[in-house]
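Chain by chain, the residues run as shown.
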Amino acid sequence: MRGGSAVHLEQCGKRRDGKELADATPAPLGSWPTPLEAAPRLARALGLGPADLWVKRDDLTGLGGGGNKVRKLEWLCGAALARGADTLVTCGARQSNHARLTAAAGARLGLKVVLVLAGSARDPGEGNVALDGLLGASVVWAGDAAHEALDPIASGVLDRLRRKGARPELIPYGGSSVLGARGYVLCGHELLRQAPDLSTVVTALGSGGTMGGLVHALGAGRVLGVDCGAIEQPARTVGTLVAGLAGTAPDPDALKIRLDHVGAGYAVLTEPVMAALTLAARTEGIVLDPIYTGRALAGLMSAIADGQIKPGERTVLLHSGGLPGLFGHADTVARSAAALAELS
């Protein structure tokens, strides 16, 4: 599902963020700092020096299966609690990592959670969907819908909840508002303490908040985003979020975004991504996912091949999580299981 218009994200980000950026207090949800681990065998396989490549383990954030959304949800849930919310409402793809972590955040904070998800209750309940249920979320199924079609459904859910006396809070798609992106500003500062000589951090570019926060903290020249096909105008969305954080818009030409790994669509496994998943697993024992982190590594591999990233530079691959989603992606599961070697 490709969706999430820049206009929608801009509205979510700007609705109240001016005051929130000054006054917000994050809700404690994660374990910080996350590790920064060397990946020498993967580095050599990619043609880099053994000390050139590191992995920022934001899959180890400690809540609900981990992942990058925890950093954003700390700020968004902190604001929701300050406004007296008792229910969180968000939307996403069927295998949304963000939805799963919103459910986990609600459980941690004692808030009800309603997820508006593409798909049907008749579809297999695997991966993130199983965890959504385990974590106690309620789901409104939207059928075969693009993200833009989920927005009015979520608005209707908010209205119904208010009529029943609830105090719901809308958590934006992917957690990517100006306030949510503040979580990745702090991650950028964390990275600089761990690797002061950082040259480039490579991140999956989904809803934009992760890259936007990193660009604000590190500068556009040190952040490479690999588009995953989640939103229609990734550069515009990242620029809007950076402008909200900084007060001034970045030079759009300065943003480093690779658009060459979307393939046939957001949810479709590509051969370069399968190769990246396999290489990371077999060189470092690190499991990536087919939608986000697999694309990030595939983009890193392309950046090395065309000289955008060079040996001798400190490069960090941001592992933004997503492992539960792998188990909900039938093609990846089948390809991985088929690779088992039988002992003769």
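The structure presented is a predicted model; accordingly, all values stated were derived computationally and were not measured.

## A word on the sheet that holds strand β6 (residues 168–170)
Then, in step 1: Strand order across the open sheet formed by 4 strands is β5-β4-β3-β6, with parallel pairing between neighbours. A strand with exactly one partner marks an edge of an open sheet, and here the two such strands are β5 (138–141) and β6. Averaged over all adjacent pairs, the angle separating strand axes in this sheet is 25 degrees, with direction ignored.
Then, in step 2: Where helix α5 (residues 97–109) meets the sheet, it contacts β3 (87–92) and β4 (112–117), and its direction lies at approximately 170 degrees from that of β3.

## Observations regarding the side chain of Thr293
Then, in step 1: Counting through the fold element by element, Thr293 comes out in helix α12 (residues 293–305).
Then, in step 2: Within the local environment of Thr293, its side chain forms a polar contact with the side chain of Asp289, the two groups lying 2.7 Å apart.
Then, in step 3: Leaving out residues up to four positions away in the same chain, Thr293 has contacts with Ala204, Leu288, Leu318, His319, Ser320 and Gly321.

## Quick word on the layout of surface pockets
Then, in step 1: The volume enclosed by the largest pocket comes to roughly 430 Å³.
Then, in step 2: In this structure, the largest pocket is lined by 19 residues; those nearest its centre are Arg94, Gln95, Ala267, Gly328 and His329.
Then, in step 3: Of the residues assigned to the lining of the largest pocket, the class counts are 10 nonpolar, 5 polar and 4 charged.
Then, in step 4: Forming the boundary of the second largest pocket are 16 residues, of which Met274, Leu277, Ala281, Leu326 and Ser336 lie nearest the centre.
Then, in step 5: For the lining of the second largest pocket, the class distribution of residues is 11 nonpolar, 3 polar and 2 charged.

## Section: the packing of aromatic side chains
Then, in step 1: Going through the model one piece at a time under the given rule, you end up with 1 aromatic pair.
Then, in step 2: Between Tyr266 and Tyr292 the ring centres are 5.9 Å apart and the planes differ by 75 degrees, which places this aromatic pair in the edge-to-face class. In this pair, Tyr266 sits in the loop between β9 (256–258) and α11 (271–284) while Tyr292 sits in the loop between α11 and α12, placing the two residues 26 residues apart along the sequence. The pair Tyr266 / Tyr292 is uniform in exposure class, with both members buried.

Rules of the game
Residues numbered from 1 in each chain as written. Predicted model: local features only at pLDDT ≥ 70, side-chain atom pairs only at ≥ 80, totals over all residues. Heavy atoms only, no water. Pairing = 2+ DSSP bridges. Helix = DSSP H or I, 4+ residues; strand = E, 2+ residues; numbered from the N terminus. Axes fitted to C-alpha atoms, helices over the stretch in contact; angles between N-to-C directions. Contact = heavy atoms within 4.5 Å. Polar contact = N/O pair within 3.5 Å; in protein donor to acceptor, adjacent residues only side chain to side chain. 1 Å grid on protein atoms, 1.4 Å probe; cavity = no way out; pocket = protein on both sides within 12 Å on 5 of 7 lines; lining within 4 Å. Points joined across faces, edges and corners; volume = space filled by probe spheres on them. Nonpolar A, V, L, I, M, F, W, Y, C, P; charged D, E, K, R; others polar. Phe/Tyr/Trp six-rings, centres within 6.5 Å; stacked < 30°, edge-to-face > 60°. Buried < 20%, exposed > 50% of the residue type's maximum accessible area, 1.4 Å probe, protein only.

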